[in-house]
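Topology and contacts: notes
The lines below spell out each chain.
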Amino acid sequence: MLLNNIALFLQIVEKGSLTAAGRELRLSSTTVSERLAALEAHFGVVLLNRTTRAISLTEEGRTLVDGAKQVLGEVEDLEARIRFGAQTLSGPIRISAPSNLGRTHISRGITEFLSDHPAISIELLLSDGYVDLVGEGFDMAFRFGPAIDSSLRSKSLGHSRRFVCASPSYLEKHGAPQIPADLKEHNCLVMRFGAKLDNVWQFGPSPLPQIVSVRGNRVANDSALVQQWCLEGHGIILKSELDVSAEIKAGNLVSLLENHPPSPTLLQMLFPPSRAQPRRVRALVDKLSHVLQEAEWRKG
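Residues numbered from 1 in each chain as written. Predicted model: local features only at pLDDT ≥ 70, side-chain atom pairs only at ≥ 80, totals over all residues. Heavy atoms only, no water.

1. Details of the layout of surface pockets
As a volume, the largest pocket reaches approximately 1000 Å³. As for the largest pocket, its lining consists of 42 residues, and the residues nearest its centre are Phe144, Gly145, Phe193, Lys196 and Thr265. Elements supplying a minimum of two residues to the lining of the largest pocket: α5 (99–116), β5 (140–144), β8 (190–193), β9 (196–198), β10 (200–203), α7 (223–231), β13 (237–240) and β15 (265–271). In terms of residue class, the lining of the largest pocket is built from 23 nonpolar, 11 polar and 8 charged. Taken as a whole, the second largest pocket spans an internal volume of roughly 510 Å³. As for the second largest pocket, its lining consists of 24 residues, and the residues nearest its centre are Leu10, Glu14, Lys69, Glu76 and Pro92. Going through the elements one at a time, α1 (2–15), α4 (59–84), β3 (91–97) and β4 (120–126) are the ones with two or more residues in the lining of the second largest pocket. (1 Å grid on protein atoms, 1.4 Å probe; cavity = no way out; pocket = protein on both sides within 12 Å on 5 of 7 lines; lining within 4 Å. Points joined across faces, edges and corners; volume = space filled by probe spheres on them. Helix = DSSP H or I, 4+ residues; strand = E, 2+ residues; numbered from the N terminus. Nonpolar A, V, L, I, M, F, W, Y, C, P; charged D, E, K, R; others polar.)

2. Some details on unusual backbone geometry
Non-glycine residue Arg26 carries a positive phi angle of around 60°. Within the element layout of this structure, Arg26 appears in the loop between α2 (18–25) and α3 (29–43). Judged by its relative accessible area of 79%, Arg26 is exposed. Even without glycine at this site, Leu257 takes up a positive phi of about 55°. Topologically, Leu257 is positioned in the loop between β14 (254–256) and β15. Leu257 sits in the buried class, given a relative accessible area of 6%. (Buried < 20%, exposed > 50% of the residue type's maximum accessible area, 1.4 Å probe, protein only.)

As structure tokens, this is what we get:
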């Protein structure tokens, strides 16, 4: 019963409310409340702060979310090994990835992985902003740049070159910048990462890169949309080679300021703080790491 209550607790956290978790599992609100109370009584702590409008994890609740995913994952692995043999992997995996990267390289890697492991199910959520890996129940996340949360474990995939790009139609109308400072006179399409506006572009190596503050008439928190605006001729973007190399090769985008390359960006995989990972997660980490390492990009 303890494992069932822990699984219910994870559903409550993932769905954001007791009612939604009950609906998902076809349990009454009373049953969900009673089983959550039993779980808190078992551990002798409060796991969720509850109001009429929202729930939030206590520190003990965050610890349980992280540890519970590992425990339940190992139980699922053990069951699969007993039922189907030691080589069979099964169970769910939840991933967060940037919009562009998720639609291309990550999606392709998932397709190849699932063809080899059909008993696994994968939920891929695309977001260019910060996600709470523990609170939202993710097994891994892909992110460009340094991790915001220092408690997360990370696996570096190297530094990706970045390109300043525009479409041929934009350049026909507005011309091309010759030096980074010229970007101030152009319409730059800017990403928003949560509360952070990515309007300060760096050129050249650290520790003294050239810094240019850009602006434009379009801002979005979706990298795929920003790239689409660029393809439509609305402005200039700063993007990872992983996102734009194919469009540059096809002639749909033009690489600018090649004598003043932007500073590269770190690509890494992030994981919850717990050390243990289910076998299925470890296998997917290896697969996606290989896919990204083999992708056509250079590391700065």
